[in-house]
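Fold and contact review
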Amino acid sequence: MAYFNGKKEPPPQVETPVWSCTGENCAGWMRENFTFEETPSCPLCHAEMKKETRTLPQIP
Ligand SMILES: [Zn+2]
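Residues numbered from 1 in each chain as written. Predicted model: local features only at pLDDT ≥ 70, side-chain atom pairs only at ≥ 80, totals over all residues.

Another point: the overall build of the protein chain. Regarding its fold elements, the protein chain presents 0 helices and 3 strands. Counted from the first residue to the last, the protein chain has its helices and strands arranged as β-β-β. Its C-alpha atoms put the protein chain at 45 × 25 × 20 Å along the principal axes. In the protein chain, which comprises 60 residues, the proportion classed as buried is 5%. (Helix = DSSP H or I, 4+ residues; strand = E, 2+ residues; numbered from the N terminus. Buried ≥ 20, exposed ≤ 12 C-beta atoms within 10 Å, placed from the backbone.)

Below, the structure is given as structure tokens:
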């Protein structure tokens, strides 16, 4: 059942594992959940990525 009451609560912030680009001056990163490779490369500059944890809005 979907319902809308006009109020939208912000999603909770959770510690989320992410891949972060190691390239200098590159802000590329992506959620680990959204990657399908064991060691993805940066979608922006194709550099190696390292695992990090970030506090991000939770995705249901
Ligand atoms: Zn990069």
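Further remarks concern the sheet that holds strand β2 (residues 29-31). Backbone hydrogen bonds hold the strands of a sheet together, and the pairing may be parallel or antiparallel. Ordered by their spatial adjacency, 3 strands build an open sheet running β2-β1-β3, and the pairing between neighbours is antiparallel. The strands lining the two open edges of the sheet, one partner per strand, are β2 and β3 (49-57). Recorded for the sheet is a direction-independent mean angle of 35° between the axes of neighbouring strands. Where strand β1 (residues 13-21) meets β3, 9 bridges bridge the pair, whose relative direction is antiparallel. If you follow Ser20 over to β3, its bridge partner there is Lys50. (Pairing = 2+ DSSP bridges. Axes fitted to C-alpha atoms, helices over the stretch in contact; angles between N-to-C directions.)

With that settled, the discussion passes to the pairing of β1. Remark: a regular strand shows side chains that alternate across the two faces of the sheet. Note that β1 and β2 share 3 bridges and pair antiparallel. If you follow Val18 over to β2, its bridge partner there is Arg31.

The next point concerns the environment of Ala47. On the secondary structure map, Ala47 appears in the loop between β2 and β3. Taking the number of C-beta atoms within 10 Å as the measure of exposure, Ala47 has 14 and is therefore partly exposed. For the pair formed by Ala47 and Glu24, sequence separation is 23 residues and the distance between their alpha carbons is 9.5 Å.

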